[in-house]
Amino acid sequence: MADEELASLKERLVGWLRDQVRKARAEGIVVGMSGGIDSSLVAVLAKEALGDKVLGLIMPCHSDALDIEDAQAVAERFSLKVERVDLSGIYDQLVKLFPDDAVIPRSNIKPRLRMISLYYFANLLNYLVVGTGNLSELKVGYFTKYGDGGVDILPLGGLYKTQVRKLATHVGVPENIIGKPPSAGLWPGQTDEDELGISYDELDDVLAALDRGDVKELPRERVEWVKNSMVASAHKRQPPAIFQP
């Protein structure tokens, strides 16, 4: 994307955020800041849209110290108000109640605790909870239902990860954040691409090809994996099914 395209996209997103808050008769925005590229970009856009009516929430839960530092650095660079809520202790207490130590079920508790915390402050301040998921993740269901998927609005939900990177560079998100491996911080050493089994560049290529209806130049196994993931995760992108008597 050229600079003028990125500038236009930024302005449209800023205006969209203002409009969503106005339509909801809300006072501002609360966003979880993980120290990653998506949440940093959303926080910067929200700050431009609403100024001091933005609260960044840093919610460590046995998190990498570097991620916390990166989140704080973004907050300081862009003069964002932040609150820190350490969820490590409540997470430790909660997992003691459950009978198994399976990695995925336990890891998904973390984003669900963060969702609870975000909505506490949203209710307290009459703010909207702004999600940080992008189109690449949404399409294949790479988010926790009622965790990081539990939000009011998704400004990056129409942008592929590759577009997010370009826009983040354009608005001044620090390069060390843009360049570090994306991670949900679910367990030590976890990265999004390792868990997905595909790089974001490859994923975006397949998704774009599927949108065009022309996948013949791409590896068949990659295309099938993406298509299967989209089908299997469809329930995450829809309201709960309701029986009609």
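Look a little higher up for the structure.
Peer 1: Tell me about unusual backbone geometry, and please be specific about residues and values.
Peer 2: You will see that R25, though not glycine, has its phi angle at about 55 degrees, which is positive. Here R25 shows up in the loop between α1 (3-23) and β1 (28-32). Owing to a relative accessible area of 74%, R25 belongs among the exposed residues under this scheme. Here the phi dihedral of Y146 falls at roughly 60 degrees; this positive angle occurs in a residue that is not glycine. Residue class for Y146 comes out partly exposed when judged on its relative accessible area of 49%.

Peer 1: So what about helix α4 (residues 88-95)? Which residues, and what values?
Peer 2: Three or more residues of α4 are buried, namely S88, Y91 and V95. In an axial view of α4, the angular spread of the buried residues amounts to 60 degrees, which keeps them on one side of the axis. On its buried face, α4 is in contact with α5 (103-125).

Peer 1: So what's going on with the pairing of β1? Which residues, and what values?
Peer 2: The buried fraction of β1 is high, at five of five residues. Burial along β1 is two-sided: G28, V30 and G32 facing one way and I29 and V31 facing the other are all buried. Relative to strand β4 (residues 127-129), β1 runs parallel, the two being bridged by three bridges. Bridge pairing links I29 to L128 in β4. Two strands pair when backbone bridges link them, and β1 and strand β2 (residues 54-58) are joined in this way by four bridges, in the parallel orientation. Bridge assignment links G32 to a residue of β2, and that residue is L57. The β-α-β motif built from β1, the intervening helix α2 (residues 37-50) and the parallel element β2 has right-handed crossover chirality.

Each value, and the rule that gives it
Per chain, the residues get numbers from 1 upward, laid out in the order the sequence is written. For a predicted model such as this one, the threshold for reporting local features is a pLDDT of at least 70, and the threshold for listing and counting side-chain atom pairs is 80 or more; totals across whole chains, interfaces and linings nevertheless cover every residue. Based on all heavy atoms of the structure, the side-chain values leave hydrogens and waters out of the count. Only DSSP runs of H or I with at least four residues qualify as helices, and only runs of E with at least two residues qualify as strands; both kinds are numbered from the N terminus onward. Only protein chains enter the accessibility calculation, which uses a 1.4 Å probe. A residue is then buried if its area is under 20% of the maximum for its type, exposed if over 50%, and partly exposed in between. Each direction from the helix axis to a C-beta atom contributes to the arc, which is the arc of those directions. The contact criterion used is simple: two residues touch if any of their non-hydrogen atoms lie within 4.5 Å. Pairing between strands is defined by DSSP: at least two bridges between them are needed. By convention a crossover is right-handed if, when the strands point away from the viewer, the path from the first strand over the helix to the second runs clockwise.

Keep in mind these numbers describe shape, not what the thing actually does.
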